Amino acid sequence: MTTKHRHETNLIFSKKKLYETVIGLEVHVQLKSRTKIFCGCAAGSGGEPNTRVCPICLGFPGVLPVLNRKVLELAVRAGLALNCEVSEFSKFDRKNYFYPDLPKAYQISQFDLPLNGPGYLDLRLEGKTRRIGITRAHLEEDAGKLVHFENDGFSGVDYNRTGVPLLEIVSDPDLRSPREASGYLKAIRSIMRYIDVSDCDMEKGSFRCDANISLRPVGSEKLGVKVEIKNMNSFKGVERAIAYEVERQREALESGEEIIQETRLYNADSQKTFSMRSKEEAHDYRYFPDPDLTPIVLEREWIEGIRSSLPELPDPRGDRFQEQYGLPEYDAGVLTAERQLADYFEAAAALTTKYKTLSNWIMVELLGKLNEADLEIKDSPVSPIQMAGLISLIEKGAISGKIGKQVFAEMFKTGKEAEVVVEEKGLLQISDTGELDRIVEEVISNNPGPVDDYRGGKKQALGFLVGQIMKATRGKANPGLVNQLLRDKLYNP
Amino acid sequence: MPWEKERNMTEKQKKISLLDVEKVAGLARLGLTPEEKAKLGGQLNDILVYMEKLDELETSGIEPLAHILPLQNVLREDRVREGLSQEQALWNAPEKKDGLFKVPLVLE
């Protein structure tokens, strides 16, 4: 490129402004307690409508909510795992608004004194690490579920979900791309599952996300007008919704339009965002302290006790997998994304030294079969001990890697030990020279053409002969031995 | 404002405008007649004037109060307690349908 050209390119760019995408996420994590946050109703999902309700979560007059101890512990656990400053003094507030899914006409939430204050998450993406700030992570109650009967002109309300405990994790506006947003979400989900505070099942709604998106000219410090996107219920959906919204805002800004602060809904079918019918008034929640609930005062010692009970988190564990087991970064990342999978690997790794082989078998065969059968690692029919058993058979040369796949498939189907499957199916590798001798001689006498070719200098003919021997032994011949015997016999007939 | 003229209020005593009254009523989903707005506006204004007495106290060194009772950490164990049956839950509902509370159509 000549200097002149480069200069022209710069001019074009200076005419067209470059924008930076600014994203902040609000994640709602359903905490894994048996009962709701302020009453003794079961906190499960599904089932007949209005069957897990009581006067407290239905908002009857005169009832008193009482905080669930387990919910408090889970929330502090989550806060600590996100490097938050856990408050020694926090309280609950009422967020007032009218909507039929909210029987009290207010939601119990936390306003100015949240349980978990500022924290951060070190986001690893495409070989880089960026620190994403977490503004706060506070407790609140979930609302009920609305079912719309448009044709009949009414809505129905199911209050089973009302009062289910939620932790709302609010990020700083630190995310810069749809990929970063979904990477951040995956990291939050992985951590929440590791520390066992939530199932984080997006489909079941125990992990939900809203995004605040704005654009600003590159180099500008001031935030642009933000738009809130709701209704994204998969990681792909989050990426697509944000990408669509960024493009929509860029086009609007370039054509001189003003961005209106509003809430837009994402539609997964059309992959677009749509403006929600705008409310005549701006939100005015008139927060005030809930007099029905007492403040939460936590002692440092208690908080530190919870901190010390946290397990090793995914990223540090991945680093350790690379160091301790010599695994590549990719393997370590896959194996430590879920705690149970990492535990599986380590349980098997205690019984073998072939860590990379083990990693391959878990990542390819085991995860493949689990995925096919729609099973989770905790339900694997092949235990870590059995997996280690299979690998030791391969390492000993009792079976080849190829036969190993066959053995593994049978183990997965029946739950049997590798040795048992090998014995029952007669798959033991033929390492007996006498038996192989006979087969090798047979193949040589049946294939005079390729034999002559080989002796005449066409070395690739050997591969064909090896193939014939493997075929005759149904893959059970020890490949090293076959090669050796074949060469011997071809040179010394 | 009606209440301002009626009572010959000084500037300092004017705490709330008609617009404020309408906004607060709107947030509370109350439909008020002009007479009600005037009457309630006057009463709200009185309350705010009265509350101003608190400004006379020196509070700069005092922590904001989160609760009026000297209580903290009132917690319950995570144990399931029998609630209401669906029939009981819907007992007082003006309208119901298939176990759901029936409400006017709300669409997002």
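Residues numbered from 1 in each chain as written. Chains lettered and ligands numbered in written order. Predicted model: local features only at pLDDT ≥ 70, side-chain atom pairs only at ≥ 80, totals over all residues. Heavy atoms only, no water.

1. Points about the overall build of chain B
Then, number 1: Scanning chain B from terminus to terminus reveals four helices and three strands.
Then, number 2: Starting at the N terminus, the α and β elements of chain B follow one another as α-α-α-β-α-β-β.
Then, number 3: Relative to the 2.2 N^0.38 estimate, which gives 13 Å for 108 residues, the radius of gyration of chain B is 23 Å and therefore markedly larger than a compact globule would have.
Then, number 4: Taken along its principal axes, the extent of the C-alpha atoms in chain B is 60 × 45 × 25 Å.
Then, number 5: For chain B, buried positions account for 22% of its 108 residues. (Helix = DSSP H or I, 4+ residues; strand = E, 2+ residues; numbered from the N terminus. Rg over C-alpha atoms; globule rule 2.2 N^0.38 Å. Buried < 20%, exposed > 50% of the residue type's maximum accessible area, 1.4 Å probe, protein only.)

2. Description of the domain arrangement of chain A
Residues and elements named next belong to chain A.
Then, number 1: Assigned domains within chain A: domain 1 (11-302), domain 2 (312-425) and domain 3 (433-491).
Then, number 2: Once you take the C-alpha centre of each, domain 1 and domain 2 turn out to be 37 Å apart.
Then, number 3: Counting residues at the interface gives nine residues for domain 1, matched by 12 residues for domain 2.
Then, number 4: Of the roughly 910 Å² buried where domain 1 meets domain 2, counting both sides, 44% is carbon and sulfur surface.
Then, number 5: Ranking the residues of domain 1 by area buried against domain 2 places Arg 124, Arg 193 and Tyr 194 at the top, with a combined share of 70%.
Then, number 6: Counting the contacts that link domain 1 with domain 2 gives four salt bridges.
Then, number 7: Joining domain 1 to domain 2, the criterion identifies five residue pairs in polar contact (both at pLDDT 80 or more).
Then, number 8: Elements with a minimum of two residues in the side of domain 1 that touches domain 2: β6 (119-125) and α3 (178-194).
Then, number 9: Per-element tally for the side of domain 1 that touches domain 2: the top contributor is α3, with five residues. (Domains from an automatic or database assignment. Contact = heavy atoms within 4.5 Å. Buried area = accessible area lost by both parts, 1.4 Å probe. Salt bridge = Lys/Arg side-chain N within 4 Å of Asp/Glu carboxyl O. Polar contact = N/O pair within 3.5 Å; in protein donor to acceptor, adjacent residues only side chain to side chain.)

3. Details of the sheet that holds strand β8 (residues 145-149) of chain A
Then, number 1: Across the sheet, which stays open at both edges, the four strands sit in the order β8(A)-β9(A)-β3(B)-β2(B) with antiparallel pairing between neighbours. Both outer strands of the open sheet, β8 of chain A together with β2 (96-97) of chain B, are each paired with one neighbouring strand and no more.
Then, number 2: Here five bridges tie β8(A) to strand β9 (residues 154-158) of chain A, and the two strands are oriented antiparallel to one another. Bridging from a neighbouring strand, A:Leu146 pairs with A:Val157 of β9(A). (Pairing = 2+ DSSP bridges.)

4. As for the pairing of strand β14 (residues 272-275) of chain A
Consecutive side chains along a regular strand alternate between the two faces of the sheet.
Residue and element names in this part refer to chain A.
Then, number 1: Judged from the four bridges that link them, strand β13 (residues 263-267) and β14 form a sheet pairing that is antiparallel. When the sheet's bridge partners are listed, Arg 264 is paired in β14 with Ser 275.
Then, number 2: Joining the antiparallel neighbours β13 and β14 is a turn of four residues, in which Gln 271 adopts a positive phi near 55°.

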